[in-house]
Amino acid sequence: MSRAVQGLDYEKLGLRVGLEIHVQLDTREKLFCSCPTKLVEEDSVDVFYRELRPSRSEMGEVDQAAVLEWKKGRRFKYDSPRSASCLVEADEEPPHQMNREALEVALAVALSLNMRIVDEVYVMRKIVIDGSNVSGFQRTSLIAMNGWLEDEDGRVRIQTLCLEEDAARKMGESEYEVEYKLDRLGIPLVEIATAPDIHSPEQARRVAFKIGQLVRLTGRAKRGLGSIRQDVNISITGGGKVEIKGIQHLYMIPRVIEYETLRQLRLLEIREELRRRGVVKESLRAVFVDLTDLFRNTQSKLIKRLLTEKNAVVYGLKLAEFKGLLGLELQPGRRFGTELADYARVWAGVGGLIHSDELPGYGITVEEVNEVYRRLGANPERDAFVLVVDERSKALRALEIVLERVKVALDGVPEETRAANPDGTTRYMRPRPGGARMYPETDIPPILITGDLIESAKRLVPEPFEAKLERFVRDHGLSRELATSVINDIRLDLYERLVEKWRGKVPPVLIASTIANTLRMLENEGVRVENIEDEHIEKVIDLVAAGKLVKDAIPDVLREVSKEPERDVEEVVRELGLSRISESDVLDLVDKIVKENLEKLKSRRDKAFNIVMSEAMKVLRGRVEGSLVADIVKRRLRELDIM
Amino acid sequence: MVLVYHGYTGRLAALLSGIGVEPGDRVRVVKDGEVFEGVLMPRYTVRASEDILVIKLENGYNIGIKVDERTQVSLASKKSRLERVAEPEEAVESKAKIVLLSTGGTIASKIDYETGAVVPALSTREITEWAPDLTDIAVFEAREVMRVFSEDITPSDWERLANEVYREMKRGVNGAVIAHGTDMMSYSAAALAFAIRDKPVPIVFVGSQRSSDRPSSDSILNLKGAFITASRAPIAESLIAMHASTSDDLIAVHRGVKVRKMHTSRRDAFQSINDKPIFLVNPYTSEVKQVGKILKTRDPTRTPSLEARFDDKVALVKAYPGVQNEIIDMLVDKGFHGIVIEGSGLGHISNRLLDSIKRAVESGVPVVMTSQCLFGRVNLNVYSTGRRLLEAGVIPAEDMLPEVAYVKLSWVLASKTRDIAEVRKWMLTNLEGEINYRHTLDLYPRWLYE
């Protein structure tokens with residue numbers, strides 16, 4: 001895959017990245033109730049509807065991000081599966097005591113990140129009114145501060161570690177309603193935030209992985225899709241602090257950082273260009289012109305449709321001296337005009353906007369464009385314009401927002417929260433929320449961190465990387481390279497579990513190389529390894545331990561499993577004809593080969609072994625260990641005195 | 001005397017008052033070479049025994065830091081003043097006029113730093129600032145008449161409340177809304193049902209199960225439902241308006257003498273017992289749908305009268321397996337004026353208490369029998385225990401809820417008569433729909449089975 005961004009000198013650009021890593025904990029119960037921490041697929045039986053509105057913090061402030069969400073005026077539909085949610089998730093019962101198991105895991109992670117643990121923990125309500133928390137807030141508590149993590153490119157400071165509840169799962173949304181499922185709500189999460197000490201995209205990916213792995217090493221972290229979520233904060237010199245949410249995969253982190261760096265760089269270039277052109281905020285005037293009559297008989301299908309579908313009007317806004325800038329690409333496929341459209345969509349709820357740099361287009365003719373320029377009193381050589389087609393109030397609101405955003409371009413990069421798109425580009429989501437959204441959770445008394453708690457937590461502190469490496473080399477007989485690979489693998493806990501399970505029966509080297517090497521090899525072949533679950537690997541190793549499968553056949557089995565993950569592994573083995581062949585069958589086969597080729601073997605004694613082996617392995621490959629076949633062939637040939 | 005400074009005690013109180021920092025100021029704490037800076041928060045006194053300083057960090061989180069001899073605490077900067085919210089505009093005249101009386105409770109509450117829990121704190125003005133859409137429904141005047149926890153309310157508070165509402169009715173309001181804590185709300189609703197006779201307009205009690213300081217609060221929707229009911233529902237009774245289900249959709253309006261809080265925490269905790277709700281109100285469309293019986297219709301020309309005295313020497317006694325006759329004896333000896341028994345099943349209490357009950361009645365202390373089953377009617381003729389209780393002079397209170405019988409007896413004894421025969425007559429006269437003589441099959445909840 002070709003890299004879209006090349007030659008960015010991050011050091012020179014002053015890239016600063018901070019990470020926020022959220023890891024779901026695999027505790028027996030949820031953080032504030034006794035429901036199990038699992039996602040379920042059961043029919044919707046208990047369904048209810050709610051609305052939310054912003055509330056004041058204890059400091060008397062109202063969070064702007066919350067107000068924005070409220071203005072969307074949507075109601076929320078909740079599906080409350082009985083096996084994984086209760087009255088607490090439905091916000092119909094106060095929270096129970098904080099789950100001690102989760103608190104211990106959080107403390108253990110804090111200890112291994114060299115953090116300062118607070119003396120008393122306060123559960124807070126973080127106002128979130130997009131419906132993802134039924135109560136309208138996420139319960140969160142700061143457990144520890146001021147730690148660090150060693151990294152090849154220098155120590156990365158860890159600012160905070162919080163223990164919080166996961167949000168509900170979004171199942172669908174429309175303009176008027178958002179639907180959530182309550183099984184995920186309340187699952188404990190640790191949120192670890194680093195200082196902006198990361199200076200390259202690749203380092204960000206590595207540190208994110210290390211933090212995730214550290215939590216997993218406690219043995220109490222969930223794995224699998226969605227169990228780890230990472231947000232990144234990015235800024236470059238002269239740019240702004242931008243928070244990006246919703247990065248689904250670790251491997252996307254570098255791409256997202258590259259694209260964001262590019263976006264900030266381009267926004268700074270736009271600022272310079274505007275300064276060069278002598279644009280000041282005062283030259284951007286809030287004159288919104290009704291152009292509906294101009295488009296009454298337009299040939300543009302887009303505008304025609306919008307005008308007939310709803311009670312829409314066409315409004316235009318002149319942007320003096322902006323010619324060419326709206327069409328400038330900030331990220332692959334995303335122009336400055338796209339950025340303006342995002343703002344208009346989020347704040348005014350309009351479908352989108354049309355700008356002069358993409359015209360003529362959408363069936364809008366040159367004549368119409370010229371007429372718009374004339375009506376707006378704009379100069380086609382130097383100015384740009386923006387058109388919005390929607391209900392009057394929405395259209396006007398959209399243009400107000402566009403004008404605000406355009407003015408900010410004169411300052412550079414606005415601080416904001418953005419959402420990651422699957423391709424690594426980002427889109428505007430909302431302003432950055434502040435401390436104003438925090439309120440104490442009055443239903444839970446503060447929790448004193450006692451010596452007892454710390455002692456229990458210490459038992460969960462994961463073994464440090466170096467100690468684990470030494471142990472794997474010394475006790476498991478792994479090479480340093482293999483040990484390092486397996487420690488850096490997401491399935492490290494599976495490895496440790498299987499080594500324990502088959503101690504003395506299956507060599508750890510086989511388990512480690514299956515996890516660390518075989519899967520990687522298959523991935524390079526293009527096999528869909530994401531379909532291969534821990535259970536598949538465990539079953540394969542079980543079959544090897546039981547003598548029903550030969551280790552050489554493992555790649556073939558897993559390759560097949562990845563195609564149809566629903567199928568039983570043993571069945572796959574049978575179907576592939578890879579079931580292990582017994583020693584007596586091998587003996588019979590070798591005998592048969594020797595008998596059929598006896599003359600040839602006698603005449604070519606020096607090649608006899610190779611001839612028999614090659615014939616035998618044609619049948620036996622993957623069904624029995626080669627070394628066993630070799631032993632039998634040697635024995636037979638010696639008995640016949642051919643060798 | 002122990003020095004208490006914004007919830008801090010002992011050394012910390014001395015230290016904080018000594019350097020002159022107050023909650024809201026920024027403080028700097030240096031401990032073991034680490035610096036913590038944030039806004040000083042008041043301390044919850046119930047936990048003040050630990051030397052822990054609570055600060056709000058820049059990121060909004062509160063944390064507790066243990067302050068020892070080596071910890072330095074200093075003032076970083078004084079607090080900045082917060083902006084006040086603008087006053088709501090004057091309302092227009094043409095709408096219905098209602099009065100909103102607040103008594104405290106969850107509908108108007110915020111954090112209390114004394115206990116760290118929620119307490120009544122928002123002023124009624126804050127309610128109106130916070131829910132401006134209420135002015136679309138009616139012109140209203142909000143007033144705080146008391147500020148007490150629902151569970152701390154006494155019969156004398158009912159008298160005060162009844163006086164306030166009566167005065168408003170004489171002034172010609174179209175309805176009264178009473179913001180009340182939910183725990184004892186049904187008692188107060190029953191009290192006002194009896195205390196004001198010939199009501200011209202409704203009294204609507206309203207509360208909330210989720211405090212008004214949280215985004216998911218049910219209080220605004222409940223208030224809207226109450227406002228709609230008070231301003232236009234065709235009824236003149238004492239009512240309770242609360243969520244009809246767990247969803248934010250309909251508000252159920254119950255008869256104040258036939259409703260009970262049946263859940264500790266759910267939004268739809270209030271359920272009509274042995275009766276149906278009277279209305280379902282849609283707070284979004286203002287539609288008022290009648291689903292039950294109206295006993296007294298709205299008539300602004302009707303002249304109310306006030307009979308608002310309650311006797312606080314009335315006791316509510318529950319029947320349980322080990323119950324002893326001394327309880328009844330003690331009440332009589334201590335000069336109680338009336339006893340309501342929450343009996344078992346059809347209205348029974350152990351035969352061991354028979355003599356004591358007989359003695360109570362003979363001493364002029366009426367004994368009223370209700371059922372802890374709540375659903376259904378007492379009937380003292382079915383079993384011999386019941387017959388003996390009747391012989392002893394017990395008054396069987398039909399299908400009246402125990403709490404309602406308690407309120408009614410307290411009202412009868414203070415506002416009507418202490419004569420035991422008269423008391424019996426009043427108790428068995430259906431004044432406000434507290435007795436429903438006819439139970440249909442649908443007046444009983446069914447659990448959901450699959």
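Given the structure is predicted, the values throughout are model-derived calculations rather than measurements.

*Asks:* When you look at the overall build of chain B in this model, what are you seeing that I'm missing?
*Replies:* Scanning chain B from N- to C-terminus turns up 11 helices and 25 strands. Taking all 450 residues of chain B together, 47% fall into the buried category. Nonlocal contacts in chain B, meaning residues at least 24 apart in sequence, comprise 70% of its contacts between residues at least 6 apart.

*Asks:* Sorry if this is basic, but what is going on with the overall build of chain A here?
*Replies:* From N to C terminus, chain A includes 21 helices and 23 strands. Its C-alpha atoms put chain A at 105 × 65 × 55 Å along the principal axes. Across the 643 residues that make up chain A, the buried fraction comes to 43%. Pairs at least 24 residues apart make up 74% of the contacts formed inside chain A by residues separated by at least 6 positions.

*Asks:* Explain unusual backbone geometry to me, please; I cannot follow it from the model alone.
*Replies:* The bulk of non-glycine residues show a negative phi, and the bulk of peptide bonds are trans. Omega for the bond connecting A:L359 with A:P360 falls within 30 degrees of zero, at 0°, which places this linkage in the cis form. By secondary structure assignment, the location of A:P360 is in the loop between β18 (354-355) and α8 (366-375). Not every positive phi belongs to a glycine, and A:D91 is a case in point at roughly 60°. Summarising the element assignment, A:D91 is placed in the loop between β3 (75-79) and α3 (100-112). The phi dihedral of B:L374 falls on the positive side, at around 70°, and the residue is not glycine. The topology assignment puts B:L374 in the loop between β24 (367-371) and α9 (384-391).

*Asks:* It is not clear to me how the UniProt feature "active site" (unreviewed entry) in chain B should be interpreted in this structure. Could you clarify?
*Replies:* Residue and element names in this part refer to chain B. According to UniProt, the feature "active site" (unreviewed entry) maps to T106, T182, D183 and K261 in the numbering used here. Looking at the element boundaries, D183 is found in the loop between β12 (175-179) and α5 (185-195). With 18 C-beta atoms counted inside 10 Å, the residue D183 sits in the partly exposed group. What D183 contacts, discounting residues up to four positions off in sequence, is S150, E151 and K261. On the neighbour-count criterion, K261 (21 C-beta atoms within 10 Å) is buried.

*Asks:* Please explain the interface of chain B and chain A as it appears in this structure.
*Replies:* Interfaces are often sized by the accessible area lost when the parts come together. Opposite the 31 residues of chain B that make contact, chain A presents 38 residues. Looking at the side of chain B that touches chain A, the element that brings in the most residues is strand β6 (residues 62-66) of chain B, giving 5 residues. Residues of the side of chain B that touches chain A, tallied by class, amount to 9 nonpolar, 10 polar and 12 charged. Here strand β5 (residues 120-121) of chain A runs beside β6(B); their pairing, made up of 2 bridges, is antiparallel. Looking at the pairing, A:E120 lines up with B:G64 of β6(B).

*Asks:* Just to check I follow, could you spell out the domain arrangement of chain B for this structure?
*Replies:* If you check the domain split of chain B, you get domain 1 (4-77), domain 2 (97-306) and domain 3 (314-427). Taking the mean C-alpha position of each, domain 1 of chain B and domain 3 of chain B sit 56 Å from one another.

*Asks:* What's the story with the environment of A:Y343 in this structure? I'm lost.
*Replies:* Residue and element names in this part refer to chain A. In this fold, Y343 is placed in helix α7 (residues 336-348). By C-beta crowding, Y343 is classed as buried, having 20 other C-beta atoms within 10 Å. Separated by 85 residues in the primary sequence, Y343 and Y428 place their C-alpha atoms 6.6 Å from one another.

*Asks:* Please explain the sheet that holds β18(A) as it appears in this structure.
*Replies:* Sheet strands pair by backbone hydrogen bonding; their relative direction is either parallel or antiparallel. Residue and element names in this part refer to chain A. The antiparallel open sheet is built from 4 strands, whose spatial order is β14-β15-β19-β18. Unpaired on one side and paired on the other, β14 (288-290) and β18 mark the two borders of the sheet. In terms of strand pairing, strand β15 (residues 312-319) meets strand β19 (residues 384-391) through 8 bridges, oriented antiparallel. Of the residues in β19, the one forming a bridge with L319 is A384. Each of β14, β15 and β19 is contacted by helix α9 (residues 392-408), which is oriented at about 150° to β19, the strand it contacts most.

*Asks:* Looking at this model, I keep getting lost on the sheet that holds strand β10 (residues 177-181) of chain A. Mind explaining?
*Replies:* Residue and element names in this part refer to chain A. Spatial ordering of the open sheet is given by β2-β3-β10-β9, a layout of 4 strands whose pairing is mixed. Each edge of the open sheet is held by one strand with a lone partner, namely β2 (47-50) and β9 (169-173). In this sheet, adjacent strand axes meet at a mean angle of 25° when their direction is disregarded. By the bridge criterion, 5 bridges tie β3 to β10 in an arrangement that is parallel.

*Asks:* Can you help me understand the confidence of the model for chain B in this one?
*Replies:* Residues and elements named next belong to chain B. When pLDDT is averaged across chain B, the result is 88; 89% of the residues are at 70 or more. Taken together, the stretch residues 82-92 has pLDDT below 50 and engages in 8 contacts with residues farther than four places along the chain or on a different chain. Long-range and interchain partners of residues 113-117, a stretch whose pLDDT sits below 50, account for 14 contacts in this model, where long-range means more than four residues apart. Taken together, the chains of this predicted complex give a pTM of 0.80 and an interface ipTM of 0.78.

*Asks:* Where do I start with the pairing of strand β11 (residues 188-194) of chain A in this structure?
*Replies:* Within a regular strand, side chains alternate between the sheet's two faces. Residues and elements named next belong to chain A. Along β11, 6 of the 7 residues are buried, which leaves the element largely enclosed by surrounding structure. Here 5 bridges tie strand β1 (residues 16-24) to β11, and the two strands are oriented antiparallel to one another. Bridge pairing in β11 places H22 opposite E191.

*Asks:* What should I look at first to understand the nonpolar core in this one?
*Replies:* Note that soluble globular proteins tend to have their nonpolar side chains buried in a common cluster. Ranked by internal contacts, the top residues of the largest apolar core, which has 136 residues, are A:A106, A:I143, A:L161, A:A344, A:L353, A:V388 and A:V402. With near-sequence residues (within four places) excluded, A:V388 lies in contact with A:Y315, A:A344, A:V350, A:L353, A:A395, A:A398 and A:L399.

*Asks:* Please explain the packing of helix α11 (residues 465-476) of chain A against helix α12 (residues 480-487) of chain A as it appears in this structure.
*Replies:* In a packed pair of helices, the relevant descriptors are the angle between the two axes and the axis-to-axis distance. All names here are of chain A. Two elements in contact, α11 and α12, have axes separated by 9 Å at closest approach and are oriented at 130°. Our classification of the angle between α11 and α12 gives oblique. Considering only the axes of α11 and α12, their crossing is right-handed. In contact with F465, K468, L469, F472 and V473 of α11, α12 contributes R480, A483, T484, V486 and I487.

Procedures and definitions
- Residues numbered from 1 in each chain as written.
- Chains lettered and ligands numbered in written order.
- Predicted model: local features only at pLDDT ≥ 70, side-chain atom pairs only at ≥ 80, totals over all residues.
- Helix = DSSP H or I, 4+ residues; strand = E, 2+ residues; numbered from the N terminus.
- Buried ≥ 20, exposed ≤ 12 C-beta atoms within 10 Å, placed from the backbone.
- Contact = placed C-beta atoms within 7 Å.
- UniProt positions renumbered as here; feature names shortened; annotations may be inferred.
- Nonpolar A, V, L, I, M, F, W, Y, C, P; charged D, E, K, R; others polar.
- Pairing = 2+ DSSP bridges.
- Domains from an automatic or database assignment.
- Axes fitted to C-alpha atoms, helices over the stretch in contact; angles between N-to-C directions.
- pLDDT = per-residue confidence, 0-100.
- Core = buried A, V, L, I, M, F, W, Y, C linked by C-beta atoms within 7 Å.
- Parallel < 35°, antiparallel > 145°, perpendicular 65-115°, else oblique.
- Left-handed = near helix turned anticlockwise from the far one by under 90°.

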